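# Observations on chain architecture
Residues per chain, in single letters:
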Amino acid sequence: MKKIVIASNNAGKLREIGRILQPLGIEAVPQSAFGVPECPEPHVTFVENCIAKARHAAAHTGLPALADDSGICVEALNGAPGVYSARYAGEPKSDERNNRKLIEALRGETNRRAHYYCVMVHVAYPDDPQPLIAEGIWRGEIIDTPRGEGGFGYDPYFLLPEFGRTGAELGEDEKNAISHRGQALRALAEKLRAGA
Ligand code: IMP
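Residues numbered from 1 in each chain as written. Predicted model: local features only at pLDDT ≥ 70, side-chain atom pairs only at ≥ 80, totals over all residues. Heavy atoms only, no water.

## Here's the deal with helix 3 (residues 95–105)
Taken together, the buried positions of helix 3 are Asn98, Asn99, Leu102 and Ile103. Viewed end-on, helix 3 has its buried residues packed into an arc of 130°, placing them on one side of the element. Turned more than 90 degrees off the buried face of helix 3, the exposed positions are Glu96 and Arg100. Contact partners of the buried residues in helix 3: strand 3 (65–74) and strand 5 (132–142). (Buried < 20%, exposed > 50% of the residue type's maximum accessible area, 1.4 Å probe, protein only. Helix = DSSP H or I, 4+ residues; strand = E, 2+ residues; numbered from the N terminus. Arc of directions from axis to C-beta. Contact = heavy atoms within 4.5 Å.)

## Brief notes about the environment of leucine 21
Structurally, leucine 21 is set in helix 1 (residues 11–21). Along the backbone, leucine 21 and glycine 151 are 130 residues apart, and their C-alpha atoms lie at a distance of 22 Å. When near neighbours in sequence (up to four residues on either side) are disregarded, leucine 21 contacts Ile6, Ile26, Ala28, Leu66 and Leu192.

## Brief notes about the pairing of strand 5
Alignment of strand 4 (residues 113–123) against strand 5, held across ten bridges, turns out to be antiparallel. Its bridge partner being in strand 5, histidine 122 is matched across the sheet by leucine 132. As paired elements, strand 5 and strand 6 (residues 158–160) share two bridges and run antiparallel to each other. Each bridged residue has a counterpart across the sheet, and for isoleucine 142 the counterpart in strand 6 is phenylalanine 158. (Pairing = 2+ DSSP bridges.)

## Describing the environment of serine 8
In this structure, serine 8 sits in the loop between strand 1 (2–6) and helix 1. The contact partners of serine 8, leaving out residues within four places of it in the chain, are Lys13, Leu14, Pro30, Gln31 and Asp68. Only 3.1 Å separates the side chain of serine 8 from the backbone nitrogen of asparagine 10, close enough to count as a polar contact. (Polar contact = N/O pair within 3.5 Å; in protein donor to acceptor, adjacent residues only side chain to side chain.)

## Quick notes on the packing of aromatic side chains
Here the structure, examined in full by the defined rule, presents four aromatic pairs. A ring pair is formed by tyrosine 116 and tryptophan 138, whose centres lie 5.8 Å apart and whose planes are at 25°; its orientation type is stacked. Placement of the pair is tyrosine 116 in strand 4 and tryptophan 138 in strand 5, with a sequence separation of 22 residues. Residue class for tyrosine 116 comes out buried when judged on its relative accessible area of 6%. For tryptophan 138, a relative accessible area of 5% translates into the label buried. (Phe/Tyr/Trp six-rings, centres within 6.5 Å; stacked < 30°, edge-to-face > 60°.)

## Things to note about the pattern of salt bridges
Summed over the entire model, instances satisfying the criterion amount to 15 salt bridges. The residue arginine 165 makes a salt bridge to glutamate 174 at a minimum N-O spacing of 2.9 Å. For arginine 165, a relative accessible area of 26% corresponds to the partly exposed category. One salt-bridge network, in which partners are shared between bridges, spans Lys13, Asp68 and Arg181. (Salt bridge = Lys/Arg side-chain N within 4 Å of Asp/Glu carboxyl O.)

Structural data, given as structure tokens:
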């Protein structure tokens, strides 16, 4: 099995990434296994932060690395919270305060369109001039009253009009099949398989 270091310590993401990469003969190893320190994410775009994280993990381990970055972009807020999604309402990060701030920011706003965005970057080495980059976009709208117990983050307020359910009302497998992260991961796996 070829090893790839994953620049994430989130157990759910690691499981999902491992499951998709295993059939390709790739073992996904979390960066925590190598004691990789936290990587600064100073950029205003997802893709720049994601490349920085992948490079950082590759530099610290000497292995190919895969990073992801994601967030929610709200049309009426010019794409905010965007790369600041995790800490939209400041430190310490709190889903509850983030959601409250979002609902407040959209008070009286009729345009409720929003999308989750995810980008995945694979680098074969730290200065790889040709990183593999894959994206996923999951469109929905923001509602004022939370629904559902599943998911995390903004999911209880993220309504999928075509399903009549929020992200938090989907099962884990159901969400992975259609979400921004699922889309990006499958697209990245396809690029790895093709050796692009
Ligand atoms: P990260 O890429 O895991 O750091 O995610 C950034 C932030 O975006 C999370 O902390 C959430 O606030 C938000 N986010 C990203 N993906 C999702 C999702 O699938 N559901 C809910 N919130 C998400």
